[in-house]
Amino acid sequence: MKYSVNWLNELAGTQLLPKEMAELFTRYSFEVDSLEESSSISQGVVAGKILEVAPHPNADKLSLTKVTIDPEEKEILNIVCGAKNIAPGDVVPVATVGTTLPNGMTIKESAIRGETSHGMLCAEDELGLGEDHSGIAHLDPKTPLGTPFSNIIGTGDAMLELSILSSRGHDALAHIGIAREICAIQNTNLNFSSKEYSTVKSENVEIEVKEQCSRYMGVRLTNVQNGHSPKWMQERLLLCGMRSVNAVVDITNYVMLETGQPLHAFDVRQIVASDDQEGVDDLQIHIRNAREGEKMTLLDESEIELSEEDIVIANTEKPLALAGIMGGRDSGTDESTADVFLEVACFDAMSIRRSRVRHKMNTESSYRFERDIDPNMVSIGASRAVELLQTLCGATIVSSVDVYPKPVTSWTIDLKVSYVEKLLGESISKETIASILGSLGMQIESMGDQQEIGGSERFDLRVTIPTFRRDLYTQEDLIEEIGRLYGYDRIVPVAPLVSLESPAVNMRRVFERKIKDELTAVGCDEILSYSFYRAEVAETFGLPKEKHFTLQNPMNPDQQLFRMNMLPNALEKLKENLRYFDEVRFFEVGKVYEKGEVGKVHGSKAIVALESGGDEVFACLKGRIEAMFASLGMKGVSYQKLDVRDAYFHKTRSAQIITRGKCIARIGEISPFILREMKVKRRVALFEANLSELYGTMPSTQKYAPLPKFPYVWRDMSLVVPKAISAAEVLSVIQRSVGKFLKGSELFDVYEKDGEKSFAYHLVFGDDTRTLTKDEVEGMFQECLKQLDTLGVELKM
């Protein structure tokens, strides 16, 4: 937020230079984003009036303007401008030729798309007043032409922009909140007060949504002279990034910047129901939910369709304002307004945030309400606004109302001095602690030897927290305040004395890392993707939409559903990579989510690996996965035919991976139909598994054996196999027939022609206690053939 240095000095009773103030905040309170002194703006930037606006003949996004900075409007400047928020009659900052702006740009006479431009109309960022480049800055229409801009915003003042975290948004988005910080640092008193007002009549206000509106104050004033606000107010508003509108609107904006309390002013003539014009003395205000489909036009001329979740301020007929965000166009004030209803309220942060996101609107009011402001600031803001309306506009109070069903009161925190020292590592006296907290507006009570009721802990101070510090609820919160105002630079750094203990090993995490290491070792890269995909993708992969969780406000339409499968996003990434590489192989480990009964979340970790790049992708990926299984110590892995009636696997080039009689994973090529739908033009192999199921099959310990002392015997076996028999069935028979003497096996050739199929195997025979004889090996070989004969398998001659 932007703050006026002079305004802060006035409230804090200090005379700090802009740089001194910036250094104080950096050291004790807030991060300083920027500091701009008004004197840094060149005298070449002056007030000018737009006389004409015409389209640029050679550029659709540019305009040709005729501008004068001459009080007599005789000298005319032709200036090319790209902004859309300009019209004849507007008074704006004009940078004349030869001017150097705060950003270092020097204005020169130049040709832009064939048209000569004699200067530039300036936006806020070009004047060093912030980062807004959405349009040209506007000045008070009564500003004398040719007036230097540095005089308009106040000579000698400066704009300080601070980064306010959301935890301090309820008090620090206001000049008095920042001034309190200066008072605490400089040991001065806050110079702010507002005069109380009194009335005898109360307006009719009904809060129908008490959870969304904790307090509503309304003050009706008459005889309001709604002209221009005084120059000093316009200067401060402009320095803080807000343009002058009229006296009433300027006062509401000024009080919001000063106190942090948003306000809105209604024209009484416009908010009285059409059938109640004769009863103007009796206003009917309702704070209610909008009706579904109800429409209204806002002050910025945008028309919105309301939802039942929106909160509106309404009369008996129609909504007058979108609560906490923006008023309606037809109920706002103008220079003819003489009868004003001033609204000062506190709305629920979540409700305002939902409405703001729903309607894609960001306003100064919504920004503050979303940070849970103090309801007790309502009366302070109202009193200050009434005081200014009476002083500057000659207003007279007619009536008021204050609906506050559940008043917010202060709360206490008990604090131990020893705990302060423990957390900060510095011994700070009880008196110093009390002084620091007291300077922040807290009330301090020494507890002496009192003991917490029902416990054994002894506390030294009882601290009463003012309601405007809604971020303080624990001892740790108070200690943070003590530390920063005491000065972290005064605390001598000391290494903490703590006992070191080895943390418990998380075996599931070790297992996950091991899988990643092994897949990386066999040539796969790891990827990370979003946990969402679009609804059309779920349909393509046959994933039931009703089992997905849906995001209410997705970042874009492609991230509508929480993923319940890793494949869709992984296949998208593979398609992108195939544009640049002939071979792609990668894996991803991540969470998947599935909706259970009554919306219960079933979350688990899954792994997916993809490979593409040739006709043997299935065999290549299978080899990498088997290498991973071997490194993990997983044995007894076999393959069975996969039922792919409703899956995304290829009908024949796929299998389920079995161990201990249980399916732990699936592997195979992806269906050509899926690849066509996803516009992938290569064959792709897929491995997918649930990480928990894989972990459950991993042996708790791995056994190691010495290298064999006796030689092994290698024999090859080429077999003619019936078409219905799989290689896994053949290998299973071989293993059963040989038993422990089979030390290894490998299918190294498959041949199919004219309905005949043959498999060729490498078989390794051996014994760990002796060397097998030739006759023993031959006997085992013949036993294999005998058992295979039961399947109709014959030795190929």
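Residues numbered from 1 in each chain as written. Predicted model: local features only at pLDDT ≥ 70, side-chain atom pairs only at ≥ 80, totals over all residues. Heavy atoms only, no water.

**Q** Break down the sheet that holds strand β29 (residues 601-612) for me, citing the residues and quoting the values.
**A** Strand order in the open sheet formed by seven strands is β25-β28-β29-β33-β32-β31-β30, and the pairing between neighbours is mixed. Of all strands in the sheet, those bounded by a partner on one side alone are β25 (525-526) and β30 (638-641). Pairing of strand β28 (residues 584-595) with β29 involves 12 bridges; the strand directions are antiparallel. Note that in β29 the partner of valine 592 across the bridge is serine 604. In the packing of helix α15 (residues 507-521) onto the sheet, contacts are made with β25, β28 and β29, and the angle to β28 comes to roughly 150 degrees. Strands β28, β29, β30, β31 (649-659), β32 (662-670) and β33 (684-690) of the sheet are contacted by helix α18 (residues 617-632), whose axis makes an angle of about 30 degrees with β33. (Pairing = 2+ DSSP bridges. Helix = DSSP H or I, 4+ residues; strand = E, 2+ residues; numbered from the N terminus. Contact = heavy atoms within 4.5 Å. Axes fitted to C-alpha atoms, helices over the stretch in contact; angles between N-to-C directions.)

**Q** Requested: an account of the nonpolar core, with residues and values cited.
**A** Judged by nonpolar contacts, the single largest core of 119 residues is most densely connected at Tyr216 and Ile287. In terms of residue count, helix α11 (residues 377-393) provides more of this core than any other element does, eight residues in total. Formed by 31 residues, the second largest nonpolar core is a distinct cluster that contains Ala570, Ala606, Ile674 and Met678. (Core = buried A, V, L, I, M, F, W, Y, C linked by side-chain atoms within 4.5 Å. Buried < 20%, exposed > 50% of the residue type's maximum accessible area, 1.4 Å probe, protein only.)

**Q** I'd like to hear about a nonpolar patch on the surface, residue by residue, with values.
**A** Side chains of Val505, Met507 and Val510 sit close together on the surface and give an oily, nonpolar patch of about 270 Å² of accessible area. In this fold, valine 510 is placed in helix α15. Valine 510 sits in the partly exposed class, given a relative accessible area of 38%. (Patch = residues over 30% accessible without salt bridge, like charges linked within 9 Å, V, L, I, M, F, W, Y side chains within 5 Å. Areas by Shrake-Rupley, 256 points an atom, 1.4 Å probe, with all protein chains shown as cover. Salt bridge = Lys/Arg side-chain N within 4 Å of Asp/Glu carboxyl O.)

**Q** Outline the packing of α15 against α18, supporting the account with residue identities and numerical values.
**A** Interaxial distance between α15 and α18 falls to 9 Å at its minimum, and their mutual angle equals 135 degrees. Of the possible angle classes, the one that applies to α15 and α18 is oblique. The way α15 lies across α18 gives a crossing that is right-handed. Between α15, through Phe511, Lys514, Ile515, Glu518 and Leu519, and α18, the contact on the second element is made entirely by Ile625, Met628, Ser631 and Leu632. (Parallel < 35°, antiparallel > 145°, perpendicular 65-115°, else oblique. Left-handed = near helix turned anticlockwise from the far one by under 90°.)

**Q** Can you tell me about helix α6 (residues 231-239), naming the residues and giving the values?
**A** Across the nine residues of α6, seven count as buried, placing the element largely inside the fold. Of the positions making up α6, those classed as buried are Met233, Gln234, Glu235, Arg236, Leu237, Leu238 and Leu239. Where the residues of α6 are buried, they touch β1 (2-4), α1 (5-12), α3 (149-152), β10 (158-163), α7 (247-259) and α11. Looking one or two residues past α6, glycine 241 carries a phi angle of roughly 90 degrees, positive in sign.

**Q** Please set out the pairing of strand β11 (residues 204-207) residue by residue, giving values where relevant.
**A** Alternating positions in β11 separate cleanly, Val205 and Ile207 being buried on one face and Asn204 and Glu206 remaining unburied on the opposite face. Inspection of the sheet shows β11 paired to strand β14 (residues 284-289) by four bridges, in the parallel sense. Bridging across to β14, asparagine 204 finds its partner in glutamine 284.

**Q** Please set out unusual backbone geometry residue by residue, giving values where relevant.
**A** Of note in the backbone geometry, arginine 113 takes a positive phi value of approximately 55 degrees without being a glycine. Among the structural elements, arginine 113 can be located in the loop between β7 (110-112) and β8 (115-117). At asparagine 187, a residue that is not glycine, the phi angle is positive and equals roughly 60 degrees. Tracing the sequence through the fold places asparagine 187 in the loop between α5 (175-186) and β11.

**Q** Which residues make up the packing of α6 against α7, and what values go with them?
**A** Direction vectors running N to C along α6 and α7 enclose 55 degrees, while the axes themselves pass 10 Å from each other. It follows that α6 is oblique to α7 by the angle criterion. You can see that α6 and α7 cross each other, and the crossing is left-handed. The residues of α7 that touch α6, namely those facing Trp232, Met233, Gln234, Arg236 and Leu237, are Asp250, Ile251, Asn253, Tyr254 and Leu257. Broken down by class, the residue content of the contact of α6 with α7 amounts to six nonpolar, two polar and two charged. (Nonpolar A, V, L, I, M, F, W, Y, C, P; charged D, E, K, R; others polar.)

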